[in-house]
Amino acid sequence: MSVYASVEELAAVAINGWEELAQFASRNPDVTGVLLEARYRGENTDDEQSAKDDADTALDQLENLLSAVSRYADTYLNQRYRDLVPLAQQYYENTGLPYAVAVIALGRIYGLKQDDDMRKTIKAQEDYLRDLASGKASLDYTQPTTPDEPGRMTVSSRPSAFDMTGYDS
C-alpha cells in the first residue's frame, strides 16, 4: 500500500501545523506540536514517557488516516491508472496528489467543525481527483503531448450520430 502524503505534508496544510495535529490527534495535553514533530523525526525528547507514548499513538492514527485517504484516492486513480495503482512515488511526486490527500485527511480530522474555506478547499481537491479519473488532469507530466514524429498526427473520433448523407454540400 502506498501512502501518497506524509504526516509532515499533513502538518504543512494545517493552519497551525504540528500544534493543530497534536490538538486533534491526542487527548493528552502534554502532547504538543513540538513533541509530535520530534517523535515524527525520530528524535528523543525530555518529555514524560506517557506523553511520548501518546505522541507515538497520535502519529500512528495520523498515518492510518493518510493511508485511508490514499486508498480513497486510489478509487479515483484506478479509473485511469489501473495498472499502476497503488502508485509508486515516481508517478505522483511533483504533482498535486500529496496535497490533495493531505487536505482531504485534514478535512476528515475536522469532521463537522469545518469552516466554509476548508469545505471549498476540500471540494477543490475532490474535483482534482475527479479530473484525474476523467483524464482532464494527469499525473504523468513527462508524457509528450505531440507525436514523436513531427508533422505526423493521427486523429480518431467517434462516428457522428447524425446521418450526413441527406445534406447537400
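These numbers come from a predicted model, not from an experiment. (Residues numbered from 1 in each chain as written. Predicted model: local features only at pLDDT ≥ 70, side-chain atom pairs only at ≥ 80, totals over all residues. Heavy atoms only, no water.)

Caption draft 1: Inspection of the overall build of the protein at higher detail. Scanning the protein from terminus to terminus reveals seven helices and zero strands. Secondary structure elements of the protein occur, N-terminal to C-terminal, as α-α-α-α-α-α-α. For the protein, the proportion of its 169 residues judged to be buried stands at 37%. The contacts of the protein with a sequence gap of at least 6 include a subset with a gap of at least 24, amounting to 62%. (Helix = DSSP H or I, 4+ residues; strand = E, 2+ residues; numbered from the N terminus. Buried < 20%, exposed > 50% of the residue type's maximum accessible area, 1.4 Å probe, protein only. Contact = heavy atoms within 4.5 Å.)

Caption draft 2: Here's a closer look at the pattern of salt bridges. Considering all chains together, one arrives at six salt bridges under this definition. For Arg39, the salt bridge identified is with Asp56, shortest N-O distance 2.8 Å. Taken together, the residues Arg39 in helix H3 (residues 33-40) and Asp56 in helix H4 (residues 49-80) connect sequence positions 17 residues apart. The class for Asp56 is partly exposed, based on a relative accessible area of 27%. Two residues, Asp116 and Arg119, come together in a salt bridge whose shortest N-O distance is 3.1 Å. Of this pair, Asp116 and Arg119 are both found in helix H7 (residues 116-134), three residues apart, which corresponds to roughly one turn of the helix. On the basis of relative accessibility, which here comes to 53%, the residue Asp116 falls in the exposed class. (Salt bridge = Lys/Arg side-chain N within 4 Å of Asp/Glu carboxyl O.)

Caption draft 3: Highlighting the confidence of the model for the protein. Per-residue confidence for the protein averages 84 on the pLDDT scale, and 82% of its residues sit at or above 70. For the protein, helix H5 (residues 89-92) is the element with the lowest average pLDDT, namely 83, and helix H1 (residues 7-13) is the one with the highest, namely 94. Within the model, the stretch residues 143-148 combines pLDDT values under 50 with two contacts to residues more than four positions away or in other chains. (pLDDT = per-residue confidence, 0-100.)

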